[in-house]
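# Coordinates in review
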Amino acid sequence: MRILGGMVLAAVVVATAAASPPGTVPPPEPAVAPSTAGVRSAAAPGVASNFEIQQVAPGVYAVLRRDPPGLMCDGNCAFIVNDSDVVVVDAPESSREVLAAIRSVTDKPVTCVVNTHWHDDHVTGNQVYRDAFPGVQFIAHAATKQYLPGKGVAARRQMLQGAPGGVDMLRGLLEKGRSLLGGELNAEERESYTSDIALVEHYLKVVPHTEYILPTRTVEDSLVLRRGARNIEIRRPGPGHTGGDVVVWLPAERVLMSGDLVVWPVPLVGAEQSHVGEWSASLEALRALRPAAIVPGHGPVLRDDSYLALMSGLFASVTRQVRDAVAHGDSLALVRRSIDLSDFREKFAGASRVRGVLFSNYVVGPAVTAAYREATAKP
């Protein structure tokens, strides 16, 4: 999930005008502090290699993006080194550099790539693994295989067409020292916009020359990959971020790779693709696993379930408020004006202007729209 080019960026300016008062304010402390144990940086410079590798269990590695929060992002991923092979979880746009990092850890072949859902920052790198390891298997939910050839192609086209305009707007704001919210640009925003520009430029460099690699094997409910003494469980806890979310669970190590069902520091919600009414239940299913480490789709490794509980409460509140409003006959416009998420805004965004923009545009707007769509859908 990411900003879809200039048209969406223009809408951000309008939608966030009242999200936070003007002025320079320090960003809040993270809701969950990034863990730094066992971290080493990627060797090569540049936005594509702006990640860290963290060993979260024996043979289990998280590849964590270091970009600041912003409107554009590339995804985290992970890899599991087994007795005779490697299983990769998600294939972001930086997968060429990730593969080089994997090869610095092991020379074992990648035999399987699991795509947790269908967004570009989790599937674009499939071609890298297909080209490097002929015969590699790609596993995803059946909905991902259905989505990619049609709506996926259209979404990518929209991004490629609109992104240059978004970059031009951000460059203009940086040159003028102006914030998306109006007023003077602060240091947090400058870092975020600069990162957004670099990430978009990398996307425009990589993605036009990349083909969609569809799953070779699909999952409906669950699938277990047995690698020696290790079981790698691919599970569908339920929809949330998309209708095709799957997670990877290592029961012996108690490590969870969640994809974008969990995104830090602010969830990413799509008005048309997300399932807000079911997202909380999916998160509660993940909490029931009692993971010792969670590798989210974006953000640091989480060492407890407190952030999942916060996300679950957010989506439960959105769903409850929207359903109550629909029961009273309120229109979507009325619901948008009446819903109160101020407490959650404070918990997710605090005083951060960047996170306030993200909360307005990736939570409030699309989450309310998605919940309204679900609440008014015909049986």
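Look up a bit, the structure's there.
The notes below deal with the structure included here.

Definitions and limits used
Residues numbered from 1 in each chain as written. Predicted model: local features only at pLDDT ≥ 70, side-chain atom pairs only at ≥ 80, totals over all residues. Heavy atoms only, no water. Helix = DSSP H or I, 4+ residues; strand = E, 2+ residues; numbered from the N terminus. Buried < 20%, exposed > 50% of the residue type's maximum accessible area, 1.4 Å probe, protein only. Contact = heavy atoms within 4.5 Å. Areas by Shrake-Rupley, 256 points an atom, 1.4 Å probe, with all protein chains shown as cover. Bend = angle between axes of the 7 residues up to and from the residue. Axes fitted to C-alpha atoms, helices over the stretch in contact; angles between N-to-C directions. Parallel < 35°, antiparallel > 145°, perpendicular 65-115°, else oblique. Nonpolar A, V, L, I, M, F, W, Y, C, P; charged D, E, K, R; others polar. Pairing = 2+ DSSP bridges.

## Re the overall build of the chain
The helix and strand inventory of the chain stands at 11 helices and 13 strands. In the chain, which comprises 379 residues, the share counted as buried stands at 57%. Across the chain, contacts joining residues at least 24 apart in sequence account for 70% of those joining residues at least 6 apart. About 15300 Å² of surface is accessible on the chain, with carbon and sulfur atoms providing 54% of the total.

## Some thoughts on unusual backbone geometry
For the peptide bond that leads from Trp-264 to Pro-265, omega is 10°, which places it in the cis range. Structurally, the position occupied by Pro-265 is in the loop between β12 (255-263) and α7 (276-287). The phi torsion at Asp-90 lies on the positive side, around 75°, for a residue other than glycine. Inspection of the secondary structure assignment puts Asp-90 in the loop between β5 (86-89) and α2 (95-105). A positive phi angle, near 60°, is found at Arg-254, a position not held by glycine. Counting through the fold element by element, Arg-254 comes out in the loop between β11 (247-250) and β12.

## Re helix α5 (residues 142-176)
Along α5, the helix axis deviates most sharply at Leu-148, where the bend reaches about 60°; the proline Pro-149 sits within four residues downstream. Trailing α5 by a residue or two, Gly-177 shows a phi angle of about 70°, which is positive.

## A closer look at the packing of helix α6 (residues 187-206) against helix α11 (residues 353-375)
Where α6 contacts α11, the two axes come as close as 8 Å, and the packing angle between them is 60°. Relative to α11, α6 is oriented oblique. Counting all contacts with α6, which are made through Glu-188, Glu-189 and Ser-192, the residues of α11 involved are Arg-353, Val-354 and Arg-355. Here the contact of α6 with α11 is composed, by residue class, of one nonpolar, one polar and four charged.

## Concerning the environment of Ala-140
Its location among the elements puts Ala-140 in strand β7 (residues 137-141). You can call Ala-140 buried: its relative accessible area is 1%. In the structure, Ala-140 is positioned 79 residues away from Val-219 in sequence and 6.0 Å away in space, judged by C-alpha atoms.

## Details of the sheet that holds strand β13 (residues 293-298)
Strand order in this open sheet of five strands is β9-β10-β11-β12-β13, and the pairing throughout is mixed. Two strands bound the open sheet, and with one partner strand each, they are β9 (222-227) and β13. For this sheet, the mean inter-axis angle between neighbouring strands, taken without regard to orientation, is 25°. Here α7 sits on the sheet and contacts β11 and β12; the angle it forms with β12, its principal contact strand, is near 165°.

## Some points on the pairing of β11
Working note: regular strand, side chains alternate between the two faces of the sheet. Burial of the side chains of β11 extends over both faces: Val-247 and Trp-249 are buried on one face and Val-248 and Leu-250 on the other. Pairing analysis gives three bridges linking strand β10 (residues 230-235) to β11, with the strands arranged antiparallel. Residue pairing across strands places Glu-233 opposite Trp-249, the latter belonging to β11. The pairing of β11 with β12 spans three bridges and is antiparallel. Paired with Trp-249 across the two strands is Leu-256, which belongs to β12. Linking β11 back to β12 in an antiparallel pair, the connection comprises four residues, with Arg-254 at a positive phi of about 60°.

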